[in-house]
Number of protein chains: 2
Amino acid sequence: MKTTTGTQIRFGVIGIGNMGSAHAQSLIGQRIEGAVLTAVCDVRQERLDWAKQHLPADVRRYADPKELMRSGEIDAVLIATPHYDHPTLAIEAFQYGLHVLIEKPAGVYTKAVRQMNEAAAAAAKSGLVFGIMYNQRTNPLYRKLRDLVQSGELGEIRRTNWIITNWYRSQSYYDSGGWRATWQGEGGGVLLNQDPHQLDLWQWTTGMMPKRVRAFCSFGKKRNIEVEDDVTAYVEYENGATGLFVTTVGEAPGTNRFELVGDNGKIVIEDDKLTFWRLRTPEPEFNATYTGGFGEPECWKCDVPVERGSGEQHEGILSNFTRAVLHGEPLIAPGEEGIHGLTLSNAMHLSSWTDGWVELPIDEDAYLAQLNERIEQSTFVKKTGTDATLNVSGTH
Amino acid sequence: MKTTTGTQIRFGVIGIGNMGSAHAQSLIGQRIEGAVLTAVCDVRQERLDWAKQHLPADVRRYADPKELMRSGEIDAVLIATPHYDHPTLAIEAFQYGLHVLIEKPAGVYTKAVRQMNEAAAAAAKSGLVFGIMYNQRTNPLYRKLRDLVQSGELGEIRRTNWIITNWYRSQSYYDSGGWRATWQGEGGGVLLNQDPHQLDLWQWTTGMMPKRVRAFCSFGKKRNIEVEDDVTAYVEYENGATGLFVTTVGEAPGTNRFELVGDNGKIVIEDDKLTFWRLRTPEPEFNATYTGGFGEPECWKCDVPVERGSGEQHEGILSNFTRAVLHGEPLIAPGEEGIHGLTLSNAMHLSSWTDGWVELPIDEDAYLAQLNERIEQSTFVKKTGTDATLNVSGTH
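Residues numbered from 1 in each chain as written. Chains lettered and ligands numbered in written order. Predicted model: local features only at pLDDT ≥ 70, side-chain atom pairs only at ≥ 80, totals over all residues. Heavy atoms only, no water.

Draft legend 1. Main features of the environment of Ile164(A). Here Ile164(A) lies in strand S7 (residues 157–164). In sequence terms Ile164(A) and Phe245(A) are 81 residues apart; their C-alpha atoms lie 7.5 Å from each other. (Helix = DSSP H or I, 4+ residues; strand = E, 2+ residues; numbered from the N terminus.)

Printed below as a string of structure tokens:
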């Protein structure tokens, strides 16, 4: 637990745009026991001016991340920059002996994220902690779902189906930031910016990654952007299960419905409610022994208790990360696990670009080559060049 | 309106297995005004024995459809044989100057069904009526859905999504009939036997056929059968809309949820309930004029009145068909429209077999060649050779 000052972790937040400034405010609010904000960093002068106005005077401000990292004033960095920089900055931070908590997504392409994970593995030997801001893992609904799957209550998974179309974003949202929804700026659209939580929860709750992916992304179909704004992805798992992931920024009102079918029944999370239809006899057993022609297993609609509310969210992850550094508490969201969701979104892009199947793990070089081609060939000119910082309360 | 006896249509039912015997009983129940059952036909002696026991003595019994057709005792045939025979028998019946009502699906492959439609078009010139037993078109839920789409209330369709997995069938169901779930006997599985209604309603309610299909059928994955028992199909429409159709016989409890998204909002039919979320401003208009970054169109959850119950179902179609013959009433389900749903299921098979896109209209010869190959190569041996007639009350 090197560089800690004993009972307090000194945080530096890199990137104080939408999310970073919210995290900085959490840290100065003294709601994260054992955590203190000692510095922030942003390449944009107007954000540093914001920090000067809104953060305590003793919070140091840096324009250069390296300068922050070698300042000796922090024990941990919280990286909330645009996605591309997460792996680069994380690797640097480990080199400076810092604990690292990154915003989602882990990065834009898996090659960089794998390198970050390797750096994290090496850093772990010196006791450095690596986390990712998967705040939805604190949501009681998904924790309960994971519990019901992991404990075997649902039985072996047979089908997954997530319709997550309630990420409505108007054109004015895209026009608000120069880096938004470009290959160079974000490296993707709805999959990279809006869906990382669902792409994480999809495999975290089920404990299953697909073995192959066939996806259908539309690029700039619903908005004047160059990246994907509408996605249907079909996946197959090793055990024969199938899955679907449907997402878009262009529908109102959207749907957020996650259906999971197992040998013992079905679970649906929709409208902030989890419903478990449990079979009295597991389906394969019923099928093997039933002789009546028509007929199906007896089914009970079960009222499963789920803690109210949306959980501790960002502050829960910050607290857990802090306790992991101070007391060795297991991480809710280890940074290394960020590669799983990103692998899914990279595979969905690649499948659409090649109009074919993508086997997992994906060919990281092939993906990067395709991505770079799109960055190079981009002729996209934003209507506005401003980088407005939007109020994101309740949106992430 | 040749061959009618004036105010009554004399029906002959060909194939008195599961569905045909139910129709025969409707016809003798005097619930179909203007219709009378005068004859039945089945190649199986035990079914004719059943007819002798259960139908009035003056209902003639035939083992040979041709003999029935030329008997002069009927004005119309209701064809409820295994699927393959629908087009052949319908074409013959037209030649004998008979009105024709066929059970779903229209047939097994579109080439034969197109030929049947051509025969029907010629027969129409002599006033012969051609209908198909799409009884779900009488269901008030789907009638209302169609109304909301056709009248423009939902706006232009952007996404369709039907999860129809509540067609649970155990192995014992498949073992009950030698023709069931074989390429030779049925020419398909869940798509041909269980889903024809949904494949019809999917395009009948929306008024849209896809322009191309990419489907993922699993054959004999969940049951010991050679045909598809699990399907995920992705489709794209001419206007840029996308769609999904997910079905299986192997899940309990199943889901039946049809979601339709348009420019003016969203409609979901689930649990025998239709819900319409209507936007105050159509989405494209909102998007074009909104300047607030985050934010979305105001949405009203509307309580749309839908007639209770499931409609007149099979007897409604029989009555409508009878009135069409007697009085020229427009058909709820013209026989010619049976090709649409079948085109979708043929396309899903073909896409899976070729592991690629299938453009619509499909190449009917290519499909038939692939189907015949599977029939020829079939090594499937049924455990039982019996052809049990199951009680289908409430299942179709």
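Now that the structure has been shown, the text picks up again.
Draft legend 2. Highlighting the interface of chain A and chain B. Between chain A and chain B, the contact holds 55 residues from the first and 55 residues from the second. For the pair chain A and chain B, the summed buried surface comes to about 4,400 Å²; carbon and sulfur atoms form 55% of the total. Interface area lost by chain A to chain B is led by Tyr168(A), Pro253(A) and Phe294(A), which between them contribute 16%. Counting across the interface, chain A meets chain B through 24 residue pairs in polar contact (both at pLDDT 80 or more). Partitioned by chemical class, the residues of the side of chain A that touches chain B number 20 nonpolar, 20 polar and 15 charged. (Contact = heavy atoms within 4.5 Å. Buried area = accessible area lost by both parts, 1.4 Å probe. Polar contact = N/O pair within 3.5 Å; in protein donor to acceptor, adjacent residues only side chain to side chain. Nonpolar A, V, L, I, M, F, W, Y, C, P; charged D, E, K, R; others polar.)

Draft legend 3. Representation of helix H1 (residues 18–28) of chain A within the structure. All names here are of chain A. Taken across its 11 residues, H1 has eight buried, putting it largely inside the fold. Three or more residues of H1 are buried, namely Asn 18, Met 19, Gly 20, Ser 21, His 23, Ala 24, Ser 26 and Leu 27. In the core, the buried residues of H1 are packed alongside strand S1 (9–14), strand S2 (35–41), helix H2 (45–54), strand S4 (76–79) and helix H11 (313–327). (Buried < 20%, exposed > 50% of the residue type's maximum accessible area, 1.4 Å probe, protein only.)

Draft legend 4. Inspection of unusual backbone geometry at higher detail. Along the chain, Ala252(A) connects to Pro253(A) via a cis peptide bond; the corresponding omega equals -10 degrees. Assignment of secondary structure puts Pro253(A) in the loop between strand S10 (242–248) and strand S11 (256–262). Backbone torsion omega between Lys104(B) and Pro105(B) reads -5 degrees, so that peptide bond is classified as cis. Inspection of the secondary structure assignment puts Pro105(B) in the loop between strand S5 (99–102) and helix H5 (110–124). With a phi close to 50 degrees, Asp355(A) is a non-glycine residue in the positive phi region. Inspection of the secondary structure puts Asp355(A) in the loop between helix H12 (338–354) and strand S15 (358–359). Look at Asp355(A) and you get partly exposed, because its relative accessible area is 41%. Non-glycine residue Gln30(B) carries a positive phi angle of around 60 degrees. Within the secondary structure, Gln30(B) sits in the loop between helix H1 (18–28) and strand S2 (35–41).

Draft legend 5. Highlighting the relation of the copies chain A and chain B. With an RMSD of 0.0 Å, chain A superimposes on chain B once it is rotated by 180 degrees and translated 0.0 Å along the axis. On this basis, the relationship between the two copies can be described by a two-fold rotation axis. A shared interface surface links the copies, since 100% of the contact residues of chain A are contact residues in chain B too. (Least-squares fit on C-alpha atoms with pLDDT ≥ 70 in both.)

Draft legend 6. Quick look at the pairing of strand S13 (residues 273–279) of chain B. All names here are of chain B. Examined bridge by bridge, strand S12 (residues 265–270) and S13 share six bridges and lie antiparallel to one another. Across the sheet, residue Glu 270 finds its bridge partner in S13, namely Lys 273. Hairpin connection from S12 to S13: two residues lie between these consecutive antiparallel strands, with Asp 271 at a positive phi of about 55 degrees. (Pairing = 2+ DSSP bridges.)

Draft legend 7. Representation of the UniProt feature "domain: Gfo/Idh/MocA-like oxidoreductase N-terminal" (unreviewed entry) in chain A in the model. As recorded in UniProt, the feature "domain: Gfo/Idh/MocA-like oxidoreductase N-terminal" (unreviewed entry) lies at residues 9–131 of chain A. The span residues 9–131 of chain A is 42% helical and 21% strand by assignment, and the distance between its end C-alpha atoms comes to 14 Å. (UniProt positions renumbered as here; feature names shortened; annotations may be inferred.)

Draft legend 8. Layout of the packing of H5(B) against helix H12 (residues 338–354) of chain B. All names here are of chain B. At a minimum axis separation of 10 Å, H5 and H12 run at an interaxial angle of 165 degrees. The angle between H5 and H12 falls in the class roughly antiparallel. Here H5 runs over H12; the crossing is left-handed. Contacts from Thr 110, Val 113, Arg 114 and Asn 117 in H5 reach Ile 339, Leu 342, Thr 343 and Asn 346 in H12. (Axes fitted to C-alpha atoms, helices over the stretch in contact; angles between N-to-C directions. Parallel < 35°, antiparallel > 145°, perpendicular 65-115°, else oblique. Left-handed = near helix turned anticlockwise from the far one by under 90°.)

Draft legend 9. Looking closely at the sheet that holds strand S5 (residues 99–102) of chain A. Residues and elements named next belong to chain A. With parallel pairing, the six strands of this open sheet are ordered in space as S3-S2-S1-S4-S5-S6. Sheet topology places strand S3 (60–62) and strand S6 (130–132) at the edges, where each strand pairs with a single neighbour. The sheet shows a mean angle of 25 degrees between the axes of neighbouring strands, direction not considered. Bridge count for S1 against S2 is six bridges, and the pairing is parallel. In the sheet register, Gly 12 faces S2, and the bridge partner there is Ala 39.

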